[in-house]
Amino acid sequence: MAVQCVNLTDDELWCAIAANTDAMSELLDHRAEVAAEISSMSDPAKGTALMTSYVNTVNRFESEYRTYTAELRRRHAA
């Protein structure tokens, strides 16, 4: 993550969460296409590389989401 979330305002964090959620939704909407592409590949190594890239991207979005929400929870602890 290029910008540390502690340097973001609450509004910027909420916008980042919304953008992250939209990107993750789009990525997950295309998982069937990715699976079809992988299954049609004749080179298993390329299929593995594509799946690894896809999973790494999903993991990055999940990590960013957790970071943003944790910062908001830290700031606004009850």
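Look up a bit, the structure's there.
The rules we used
Residues numbered from 1 in each chain as written. Predicted model: local features only at pLDDT ≥ 70, side-chain atom pairs only at ≥ 80, totals over all residues. Heavy atoms only, no water. Salt bridge = Lys/Arg side-chain N within 4 Å of Asp/Glu carboxyl O. Helix = DSSP H or I, 4+ residues; strand = E, 2+ residues; numbered from the N terminus. Buried < 20%, exposed > 50% of the residue type's maximum accessible area, 1.4 Å probe, protein only. Phe/Tyr/Trp six-rings, centres within 6.5 Å; stacked < 30°, edge-to-face > 60°. Lys NZ or Arg CZ within 6 Å of the ring centre and 35° of its normal. Expected span 1.5 Å × (residues − 1). Contact = heavy atoms within 4.5 Å. Polar contact = N/O pair within 3.5 Å; in protein donor to acceptor, adjacent residues only side chain to side chain.

S.K.: Would you mind going over the pattern of salt bridges with me for this structure?
M.R.: Between side chains of opposite charge, a pair can form when the charged atoms approach closely. Scanning the entire structure with this criterion turns up four salt bridges. A salt bridge links Arg75 to Asp10; the nearest nitrogen and oxygen atoms lie 2.7 Å apart. With Arg75 in helix α3 (residues 44–75) and Asp10 in helix α1 (residues 10–29), this residue pair connects regions lying 65 residues apart in the sequence. One salt bridge in this structure joins Arg60 and Glu64, with 3.2 Å as the shortest N-O distance. With Arg60 and Glu64 both in helix α3, this residue pair falls four residues apart, about one helical turn. A residue is classified by how much of its surface remains accessible, and Glu64, at 15% relative accessible area, is buried.

S.K.: What is the right way to look at the packing of aromatic side chains in this model?
M.R.: A ring pair, where both rings are aromatic, is described by two values, the distance of the centres and the angle of the planes. Tallied over the full model, the rule gives zero aromatic pairs. Positioned above the aromatic ring of Phe61, the side-chain terminus of Arg60 is 4.6 Å from the ring centre.

S.K.: Please explain α3 as it appears in this structure.
M.R.: The periodicity of an α-helix, 3.6 residues per turn, causes residues three or four places apart in sequence to face the same way. Along its 32 residues, α3 runs 47 Å from first to last C-alpha, staying within 8% of the 46 Å computed at 1.5 Å per residue. Within α3, burial applies to Gly47, Tyr54, Val58, Phe61, Glu64, Tyr68, Thr69, Glu71 and Leu72. Residues of α3 that are buried sit in contact with α1 and α2 (31–40). One side-chain oxygen of the residue at the start of α3 lies 3.0 Å from the amide nitrogen of Ala45, identifying that residue as Asp43.

S.K.: I would appreciate a short explanation of the environment of Ala49 in the present structure.
M.R.: With respect to the helices and strands, the residue Ala49 is situated in helix α3. Residue classification places Ala49 among the partly exposed residues on the basis of a relative accessible area of 46%.

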